[in-house]
Amino acid sequence: MEYNHKDIEARWQQFWKDSQVYRAEIDKSRPKFYVLDMFPYPSGAGLHVGHPLGYIASDIFARYKRQKGFNVLHPMGYDAYGLPAEQYAIQTGQHPEVTTRANIARYREQLDKIGFCYDWSREVRTCDPGYYKWTQWAFMQMFNSWYDRSQNKARPISELEAHLAARGTEGLNAAQSKELHITAAEWNAMPEKERRQALMNWRIAYQGNSVVNWCPKLGTVLANDEVSEGVSVRGGYPVEQRQMTQWLLRVSAYAQRLLDGLETLEWTDSLKETQRNWIGRSEGAEMRFKVKDSDLELEIFTTRADTVFGVTFMVLAPESKYVQQLTTPEQREAVEAYLEQVRHKTERERQIEKKVSGVFTGAYAINPLSGKEIPVWVSDYVLAGYGTGAIMAVPAHDSRDYAFARHFNLPVVPLIEGADVSEECFEAKEGIICNSEGPTLNLNGLTVKEGIARTKQFIEEARLGKVKVNYRLRDAIFSRQRYWGEPFPVYYKDEVPYLMDESALPLELPEVPSYLPTESGEPPLGRAQGWHTPDGFPIELCTMPGFAGSSAYYLRYMDPHNNDALVGREANDYWQDVDLYIGGTEHATGHLIYSRFWNKFLFDLGLVCRDEPYRRLVNQGMIQGRSNFVYRIKDTNTFVSRGLKDQHDVTPIHVDVNIVSNDRLDLEAFRAWRPEYKDAEFILEDGEYLCGYAVEKMSKSMFNVVNPDDIVERYGADTLRLYEMFLGPLEQSKPWDTNGIDGVSRFLKKLWNYAEKALADDPQRPATPEELKAVHKLIKKVSADVENFSFNTSVAAFMVALGELTATKKASRHALELFVRVLAPFAPHISEELWHQLGHEGSVVDAEWPSWNEDYLKESVVKYPVSFNGKVRFTIEQPADAPREVVQEAALSNPAAAKWLDGKEPRKIIVVPGKIVNVVV
RNA sequence: GCAGAAAUGGUGGAAUGGUAGACACGACAGACUUAAAAUCUGUUGAGGCGGAAGCCUCGUGCGGGUUCAAGUCCCGCUUUCUGUACCA
């Protein structure tokens, strides 16, 4: 019988479905193992061959763990809220839910064909009311919580109110938007509205007026991780800075814990490093500069406290509140003009130009250490959102300050001995300090490091400021002026936000007649009929961002049908956390930060049992496309083969990779591809047309998209799975090239032939030593490889082992059975088929993972024999703990060594303490 | 600029400090076939010696170093990819 993948795969996929073998239930008699894929956003284009890479890897691991005796949870779902569906809805008027549903159906169909062992009974969709009820619920908990820095955890807002009523802000150590001083008496006298406004200063989900990334084209604000190089990640539209009232999550309160938690995780160093950079911890000092002839003080943050004597001017961010307060009447016109100019620049323009610009406010500050007067300027190179929005400028030792000083002709005072600042600044944080003596402090002669410590100490003693740790990580902007997202369970009374009652959850997304903003510029929900509470109070018009739904989905999989809790206690206690998480690095600064934050918050409230959600994380690489080109001779319809193209003036044109095989163009298919190529002429080499190629992103416009359905149809799911793993290391980016797939396809056919022989063998005949050696070597190799995610070498090991087995000319059922057990995670369909042909009931997913026996693997001890210049040199492995003489004696008396010694005395013996003896004969 | 990863045949890629190039593709040659496809066998890093079995030299981006032994470890470069950036 021929190997018929279609027949085998259809049959066993049906069997798995009918017998529900992948269903996971709590079973306290077995250890749990939770394998999770980052769930996909179901786009309209469907899956291409690059998408399943990570899913195949996690599927292999999940099956392997199950065979090792673990109770495996391996779920899948959809991140269903998102911009593309909404944009499509705006264009077509079709409800995003309709397109999302259709896309999900298509995804499911494609996924099913590959034979994954997902427990689909646990599927979640972020746009399901039964799911987003818990997203809304989590938001409510955050609204009702504040972060206590003393206890380092989130606490109920009622406890904060009690504190304020009893002692005001005294003794309060909380994460907050700004420093407030309120006495108990003041608090108790406050009307309800004012109290609620004040509490926003501490809530973990709070409303704040801050500078945000506004994308006019998308008509919404965006979080920092949704903006890259000044344009939106989705769509690539320009983004500008705007001051707006928004919902935010106080992620910054968790900055230190998010940093510390990384130490406990088995993630790659590069990913941890990316998160560390994003969190951006910097230690420094916050200090105040008095403003001349004024009661005002400017607060700044610096990491270089040692350079205060070199501060020759100060700079405010254009958005800083100090700007209005400080600007003198003479300078007001110039400052206003500058602010206007800055406002009109988009973020992208600001970044690309990098032109030095700024304006003098007319005010002077006093350098607290030197006592000198220094001018205060405004410039857009200072960011409003970081630190205090004001800086002390040290032009001699900071390149931005240096450029600014040179442009506006401000003084530059070097502070490090020997530093030449006539051409450029000296940025290195080393050297001996000079020019740093004032009435109260002298730093001359100290190193930079000593200088920083000394100054920090002085600042605290002299009450000029305090030592402070700053983080780059900002609070996450949580409102989106869009339709297709979770509605906020919030209404407004007296213009102050109130939470709805929990019984109102889920607050379902209403229908709207159009998905565009309203005429008055309100979000699309402004068009919804009856979008108010029964009492007539208006409901929030913004919806939540994409990361809201994906932040706790891993918890929901543990207990997806629970209507009373996000996750039940019993389910959470059993499944605990994700043991293995697989997905792309693109989520490093978005989802993976927010999700960790969200989980830590729930942990603080005692709702989940683990502080970190994803213990081990593996990033699969991107699969790129491999595009093919034909070369058209200019102004003709003649195409010249790759090798001859330099002799002509040609234009390369992308050609569909599906009509090219091994870079050879199918001429007839090409003529039929497009009407304009119907009469194409070709200049061939050796009778063939060779196409050029390039590695590019896989996309429709490059005609290099390969669809997994086509591969499954032609070669089978097992072949697809093996080939995706065989392509190269999982973590590495690599181009897809269908050409190599014949190799694994042949392997499965050979296996099928071998199995036919083995199945016909006498069941009583024991396996030969050669067979046992081949199979046990395989088990050992694959066991180690799977643990290390080295799936490509596993696939190679299968090929080698099969080659060795066929070379023995024997084929026993015993060898086949062991082979099938280790192959099962990689190629489940053919393994299931052979497992049953071997006479087993049940599924191969429950076949025990075999162990190997070292006795079958023993080899000669003589290794690496080399001969050179008439000498022979070989190495003998010996036990590590024996003394040199013993090792040498044992090595020379070894029978295998005798062959190489050939009766002669060795000329030189090198004993390497530990394990190796080199003998030169 | 900063951070991380990487560089090995025509191609994708293997190598706990121990015979570099496993495995696969492609290519070449052969078998089967009227022929093609499929399948099978052999060769395939470069250069050289030999009738042959076989043997020698050189070879893992570049330059140094450690070691009996380096693709692997250390120092200094070059290039590529990824992330990030007026973060004071």
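Just so it is clear, the model here is predicted, and its values are computed rather than measured.

Participant: How should empty space enclosed by the protein be read in this particular structure?
Facilitator: With a probe scaled to a water molecule rolled over the atoms, the places where space remains empty come into view. The tally for this structure, following the rule as stated, stands at 3 cavities of 30 Å³ or more. In this structure, the largest cavity encloses a volume near 80 Å³. Taken together, Tyr22, Ala62, Arg63, Arg66, Val72, Leu73, His74, Cys117, Asp119 and Val845 form the lining of the largest cavity. When residues of the lining of the largest cavity are traced back to their parent elements, those giving at least two are helix H2 (52–67) and strand S2 (71–73). Looking at which element gives the most residues to the lining of the largest cavity, the answer is H2, with 3 residues. Each residue belonging to the lining of the largest cavity can be placed in one class, and the counts come to 6 nonpolar, 1 polar and 3 charged.

Participant: So what exactly am I meant to see when it comes to the packing of aromatic side chains here?
Facilitator: Each aromatic ring pair is characterised by the separation of its centres together with the angle its planes make. In total, this model carries 56 aromatic pairs according to the counting rule given. When the ring of Tyr78 is compared with that of Trp120, the centres are 6.4 Å apart and the planes differ by 20°; the resulting orientation is stacked. In this pair, Tyr78 is assigned in the loop between S2 and helix H3 (83–92) and Trp120 in the loop between helix H4 (96–112) and helix H5 (129–143), connecting sequence segments 42 residues apart. By relative accessible area, Trp120 is classed as buried at 17%.

Participant: I'm lost on the sheet that holds strand S20 (residues 578–583) in this one. Help?
Facilitator: Strand pairing in a sheet is mediated by backbone hydrogen bonds. Such pairs are either parallel or antiparallel. The strand order across the open sheet built from 4 strands is S2-S1-S20-S21, with neighbouring strands paired in parallel fashion. Whereas interior strands pair on both sides, the edge strands pair on one side only; in this sheet they are S2 and strand S21 (614–619). The sheet shows a mean angle of 20° between the axes of neighbouring strands, direction not considered. Of the strand pairs in this sheet, strand S1 (residues 32–37) and S20 are connected by 3 bridges, and their pairing is parallel. Bridge pairing in S20 links Leu36 to Tyr581. Most of the contacts of H2 go to S1, to which it runs at about 170°, and overall it touches S1, S2, S20 and S21.

Participant: How should the sheet that holds strand S17 (residues 476–477) be read in this particular structure?
Facilitator: Pairing is antiparallel in the open sheet, where 4 strands are placed in the order S6-S5-S9-S17. This sheet does not close on itself; its edge strands, each paired only once, are strand S6 (220–222) and S17. Two elements, strand S5 (residues 205–215) and S6, share 3 bridges in a ladder whose sense is antiparallel. Note that in S6 the partner of Trp214 across the bridge is Val221.

Participant: In this structure, what is going on with the pairing of strand S14 (residues 373–378)? I would like to understand it.
Facilitator: Working note: regular strand, side chains alternate between the two faces of the sheet. With 5 of 6 residues buried, S14 lies mostly within the body of the structure. Note: strand S13 (residues 359–366) against S14, 5 bridges, orientation antiparallel. Looking across to S14, one finds that Ala365 is bridged to Ile374. Once S13 ends, the chain turns through 6 residues before running back antiparallel as S14, passing Gly371 with a positive phi of about 80°.

Participant: What exactly am I supposed to notice about the environment of Glu273 here?
Facilitator: Within the element layout of this structure, Glu273 appears in helix H10 (residues 269–279). For the pair Glu273 and Ala365, spaced 92 residues apart in sequence, the C-alpha to C-alpha distance is 39 Å.

Participant: How should the nonpolar core be read in this particular structure?
Facilitator: Most often, soluble globular proteins have nonpolar side chains that are buried together. In terms of nonpolar packing, the biggest core is built from 190 residues, with Leu249, Phe478, Trp598, Phe819 and Phe826 touching the most fellow members. The biggest single contributor to this core is helix H23 (residues 741–759), with 10 residues. The residues touching Trp598, leaving out its near neighbours within four places in the chain, are Thr135, Ala138, Met142, Leu249, Phe478, Ala548, Ser551 and Ala552. Ala365, Val394, Leu441 and Leu464 belong to the second-largest nonpolar core, a separate cluster that totals 36 residues.

Participant: What is the right way to look at the environment of Arg101 in this model?
Facilitator: Take Arg101: it is sitting in helix H4. Each C-alpha atom of the pair Arg101 and His561 lies 20 Å from the other, and the pair is 460 residues apart in sequence. At 2.7 Å, the side chain of Arg101 forms a polar contact with the side chain of Glu97.

Participant: What's the story with the side chain of Ser357 in this structure? I'm lost.
Facilitator: Turning to its location among the elements, Ser357 is positioned in the loop between helix H13 (347–353) and S13. There is a polar contact of 2.8 Å between the side chain of Ser357 and the side chain of Tyr338. Apart from residues lying up to four places away in sequence, Ser357 is in contact with Tyr338, Lys345, Ser379, Asp380, Phe404 and Phe408.

Participant: Help me out: how do you make sense of the environment of Pro487 in this one?
Facilitator: Inspection of the secondary structure assignment puts Pro487 in the loop between S17 and strand S18 (490–493). The class for Pro487 is buried, based on a relative accessible area of 0%. Beyond its immediate stretch of four places on either side in the chain, Pro487 contacts Tyr132, Gln136, Leu507, Glu508, Leu509, Trp531, Cys542, Thr543 and Met544.

Participant: Just to check I follow, could you spell out the packing of H2 against helix H24 (residues 769–787) for this structure?
Facilitator: At a minimum axis distance of 10 Å, the contact between H2 and H24 shows a crossing angle of 120°. Compared by their axis directions, H2 and H24 come out oblique. Crossing of H2 over H24 shows left-handed handedness. Counting all contacts with H2, which are made through Phe61, Tyr64 and Lys65, the residues of H24 involved are Ser783, Val786 and Glu787. Residues that form the contact of H2 with H24 fall into these classes: 3 nonpolar, 1 polar and 2 charged.

The rules behind these values
- Residues numbered from 1 in each chain as written.
- Chains lettered and ligands numbered in written order.
- Predicted model: local features only at pLDDT ≥ 70, side-chain atom pairs only at ≥ 80, totals over all residues.
- Heavy atoms only, no water.
- 1 Å grid on protein atoms, 1.4 Å probe; cavity = no way out; pocket = protein on both sides within 12 Å on 5 of 7 lines; lining within 4 Å.
- Points joined across faces, edges and corners; volume = space filled by probe spheres on them.
- Helix = DSSP H or I, 4+ residues; strand = E, 2+ residues; numbered from the N terminus.
- Nonpolar A, V, L, I, M, F, W, Y, C, P; charged D, E, K, R; others polar.
- Phe/Tyr/Trp six-rings, centres within 6.5 Å; stacked < 30°, edge-to-face > 60°.
- Buried < 20%, exposed > 50% of the residue type's maximum accessible area, 1.4 Å probe, protein only.
- Pairing = 2+ DSSP bridges.
- Axes fitted to C-alpha atoms, helices over the stretch in contact; angles between N-to-C directions.
- Contact = heavy atoms within 4.5 Å.
- Core = buried A, V, L, I, M, F, W, Y, C linked by side-chain atoms within 4.5 Å.
- Polar contact = N/O pair within 3.5 Å; in protein donor to acceptor, adjacent residues only side chain to side chain.
- Parallel < 35°, antiparallel > 145°, perpendicular 65-115°, else oblique.
- Left-handed = near helix turned anticlockwise from the far one by under 90°.

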